[in-house]
Amino acid sequence: MAGLEARPRGCGKQSGSQLSQQPYIGRFAPSPTGPLHFGSLIAALGSYLDAHTHRGRWLLRMEDVDEPRCSQAHADEILRVLDAYGFEWDGEVIYQSRRKALYQAALERLADAGLAYPCACSRREIADSSIAGIEGPVYPGTCRDGLAGRAPRAWRVKVDSQPVCFEDRLQGKHCQNLETDIGDFVIRRADGLFAYQLAVVADDHEQGVTHVVRGADLLASTPRQIHLQRLLGYAMPAYLHLPVAVNAAGQKLSKQTLAAPLEANQTGPVLVAALRFLGLQPESALAHAKGAEILAWASEVFLPAALPRNQATASA
Ligand code: GLU
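Since the structure is predicted, the reported quantities are computational estimates derived from the model, not experimental observations.

The rules behind the values
- Residues numbered from 1 in each chain as written.
- Predicted model: local features only at pLDDT ≥ 70, side-chain atom pairs only at ≥ 80, totals over all residues.
- Heavy atoms only, no water.
- Phe/Tyr/Trp six-rings, centres within 6.5 Å; stacked < 30°, edge-to-face > 60°.
- Helix = DSSP H or I, 4+ residues; strand = E, 2+ residues; numbered from the N terminus.
- Buried < 20%, exposed > 50% of the residue type's maximum accessible area, 1.4 Å probe, protein only.
- Lys NZ or Arg CZ within 6 Å of the ring centre and 35° of its normal.
- Near = heavy atom within 4 Å.
- Polar contact = N/O pair within 3.5 Å; in protein donor to acceptor, adjacent residues only side chain to side chain.
- Areas by Shrake-Rupley, 256 points an atom, 1.4 Å probe, with all protein chains shown as cover.
- Nonpolar A, V, L, I, M, F, W, Y, C, P; charged D, E, K, R; others polar.
- Axes fitted to C-alpha atoms, helices over the stretch in contact; angles between N-to-C directions.
- Parallel < 35°, antiparallel > 145°, perpendicular 65-115°, else oblique.
- Left-handed = near helix turned anticlockwise from the far one by under 90°.
- Contact = heavy atoms within 4.5 Å.
- Pairing = 2+ DSSP bridges.
- Core = buried A, V, L, I, M, F, W, Y, C linked by side-chain atoms within 4.5 Å.

(A) How the structure looks around the packing of aromatic side chains. Across all of its chains, the model carries 7 aromatic pairs by this definition. Look at Phe28 and Trp58: their rings are 6.3 Å apart centre to centre, the planes differ by 5°, and that puts the pair in the stacked class. Pair noted here: Phe28 is in strand β1 (residues 25-28) and Trp58 is in strand β2 (residues 57-62), with a separation of 30 residues, a long-range link. Trp58 carries the same exposure label as Phe28, and that label is buried. Cluster of aromatic residues (ring-pair linked, three or more members): Phe28, Tyr48, Trp58 and Phe87. Taking the ring centre of Tyr95 as reference, the NZ or CZ of Arg98 above it sits at 4.0 Å. Across the ring face of Tyr139, the terminal group of Arg156 is positioned such that the distance to the ring centre comes to 3.7 Å.

Structure representation (structure tokens):
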């Protein structure tokens, strides 16, 4: 599918020399739907340490695009806990809920180029007429050629059958066929809110993010994001997907699986456990140090190449 600006296609491995010419800009992008837990700390710590190892900047972005599920109180609590753990971010904290004009402009560029279209289908209609994909039903393209007089609900972006591949810095080569795995996907929801996939791509581009380090639960979203980057003519950041922390039952730590919130008075032991999860070997005595001191120690010894690839049980 031709994008808005011609960009090379194919497996988008960026060479080290290409990346080293740019300053490193990384980010941590929590969704303020609840308190941070050990799993979110892994994403914060991994992205922070990678940025510091590269002498880069580390931005903080509140992904509150799904406004009904987010709150300012959760965002404030996240900032308080990050601060207690010794994290320092560069620049102002960005809130997605205040950047709708940016997402609207991206949507309009896609729509004007015929790459996105309004969709009148309800969830139920789609479920009844679709085959299963990797994240629910594959949209069968019903509204691609027009609404047939029906009222528009969501906006979708067109996908094609060209596999989207990228070389993850930790997980290796990852490919997806968006046409058979996902289908034309939603970029603006029926309730008028912008979809995470569009917001994250517009923000990473606008903030100049060169390196994305986050949990492997988002690996399956990355081809959709790369597809949008290509259509919008944006550069692709380098990706590193960290192993996901799971509980004793093998479930990803999350609000849904009732992961324990990070305690602001337990910073040392929890940070030491998180560093071990990331393959570092801090001495147990480091658990008595302040968060900022632990992060400074870890920034000196962190090696992205030594990260474990697979999911592991949180030992905090
Ligand atoms: N906001 C997402 C989350 O909390 C992370 C998005 C990203 O890092 O791209 O899971």
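(B) Expanded view of the site of the ligand. Taken together, Arg27, Ala29, Pro30, Ser31, Glu63, Tyr196, Val200, Arg214 and Leu218 make up the full set of residues near the ligand. Between the ligand and Ser31 there is a distance of 2.9 Å, counted from a nitrogen atom to a side-chain nitrogen or oxygen. With respect to the ligand, the side chain of Tyr196 contributes an N or O atom lying 3.0 Å from an oxygen atom. For the ligand, the protein covers 78% of the area, taking 300 Å² as the surface of the free molecule. Of the residues assigned to the shell around the ligand, the class counts are 5 nonpolar, 1 polar and 3 charged.

(C) The packing of helix α9 (residues 267-277) against helix α10 (residues 291-301), seen in detail. Look at α9 against α10: their axes get within 9 Å of each other, and the N-to-C directions meet at 20°. The pairing of α9 with α10 is recorded here as roughly parallel in orientation. Two packed elements cross with a definite hand, and for α9 against α10 that hand is right-handed. Facing α9, whose interface residues are Thr267, Gly268, Leu271 and Leu275, α10 presents Gly291, Ile294, Leu295, Trp297 and Ala298.

(D) Representation of the sheet that holds strand β4 (residues 116-119) within the structure. Spatial ordering of the open sheet is given by β4-β7-β10, a layout of 3 strands whose pairing is antiparallel. Of all strands in the sheet, those with a lone pairing partner are β4 and β10 (185-188), marking the two edges. Within the sheet, the average angular offset between the axes of one strand and its neighbour, ignoring direction, is 45°. Note: β4 against strand β7 (residues 154-157), 4 bridges, orientation antiparallel. Pairing of Pro118 across the sheet is with Trp155, part of β7. In this fold helix α4 (residues 100-112) packs onto β4, β7 and β10, with an angle of close to 130° to the strand it touches most, β10.

(E) Representation of the nonpolar core in the model. Phe38, Leu45 and Phe87 are the most contacted members of the largest nonpolar core, which totals 49 residues. Elements with a contribution of two residues or more to this core: α2 (38-53), β2, α3 (72-84), β12 (238-242), α9 and α10. For this core, the element with the most residues is α2, which contributes 9 residues. Apart from residues no more than four positions distant in its own chain, Leu45 is found in contact with Phe87, Leu271, Ala274, Leu275, Leu278 and Leu295. Membership of the second largest hydrophobic core comes to 33 residues, among which are Val159, Val200, Val212 and Leu228.

(F) Highlighting the sheet that holds strand β3 (residues 94-95). The strand order across the open sheet formed by 3 strands is β1-β2-β3, and the pairing between neighbours is parallel. The open sheet has two free edges, formed respectively by β1 and β3, since each of these has just one partner strand.

(G) Geometry of the environment of Leu79. Topologically, Leu79 is positioned in helix α3. Accessibility expressed as a relative area gives 18% for Leu79, which makes it buried. Counting along the chain gives 157 residues from Leu79 to Met236, while the straight-line C-alpha distance between them is 28 Å.

(H) Structural context of unusual backbone geometry. Positioned with a positive phi, Arg55 is a non-glycine residue whose angle comes to about 50°. Relative to the helices and strands, Arg55 is located in the loop between α2 and β2. A positive phi angle, close to 50°, is found at Ala148, a residue other than glycine.

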